Amino acid sequence: MDEKLKEQFDGLLEKYTELMVGDATDELKEKIQMWAMYTYIAKTMPALAKHWNEKYPDGKAEMMNLIKEIKELNDQHRSKK
């Protein structure tokens, strides 16, 4: 993959993370990326998400915790504006 595209996409992800939760650390960017991808998969291929949830119940639980964390961080960030 083109390095320039990777850098540009990383900038997009960094700004999105900052707008969502108010900061853009590497850890937060990774969490936002996982959250966004899981959410997209669940909406576009619900059967795949269901299969994954059933196959990896511990992963599903961690993903639900991640989704909750992102929502809480987003709510906190929006309340500061």
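Located above this text is the structure these notes cover.
Below is a short write-up of the structure.

Rules used in this analysis
Residues numbered from 1 in each chain as written. Predicted model: local features only at pLDDT ≥ 70, side-chain atom pairs only at ≥ 80, totals over all residues. Heavy atoms only, no water. Helix = DSSP H or I, 4+ residues; strand = E, 2+ residues; numbered from the N terminus. Polar contact = N/O pair within 3.5 Å; in protein donor to acceptor, adjacent residues only side chain to side chain. Contact = heavy atoms within 4.5 Å. Phe/Tyr/Trp six-rings, centres within 6.5 Å; stacked < 30°, edge-to-face > 60°. Buried < 20%, exposed > 50% of the residue type's maximum accessible area, 1.4 Å probe, protein only. Core = buried A, V, L, I, M, F, W, Y, C linked by side-chain atoms within 4.5 Å.

Focus on the side chain of Lys29
Link 1 in the chain: Structurally, Lys29 is set in helix H2 (residues 26–44).
Link 2 in the chain: Only 2.8 Å separates the side chain of Lys29 from the side chain of Asp10, close enough to count as a polar contact.
Link 3 in the chain: Setting aside its immediate chain neighbours within four residues, Lys29 contacts Asp10, Leu13, Glu14, Thr17 and Ala24.

Description of the packing of aromatic side chains
Link 1 in the chain: Summed over all chains, the structure comprises 2 aromatic pairs.
Link 2 in the chain: Ring geometry for Trp52 against Tyr56: centres 6.0 Å apart, planes inclined by 50 degrees, an arrangement best described as tilted.
Link 3 in the chain: By relative accessible area, which is 30% here, Trp52 ends up partly exposed.
Link 4 in the chain: In this structure an aromatic cluster arises from ring pairing among Tyr38, Trp52 and Tyr56.

Considering the nonpolar core
Link 1 in the chain: If you look at the biggest cluster of nonpolar residues, it comprises 10 residues: Leu13, Met20, Val21, Leu28, Ile32, Trp35, Tyr38, Met63, Leu66 and Ile70.
Link 2 in the chain: Going through the elements one at a time, helix H1 (3–21), H2 and helix H4 (57–80) are the ones with two or more residues in this core.
Link 3 in the chain: Excluding residues that lie within four positions of it along the chain, Met20 makes contacts with Ile32, Trp35, Ile70, Leu73, Asn74 and His77.

Read these as layout, nothing more, since geometry by itself doesn't imply function.
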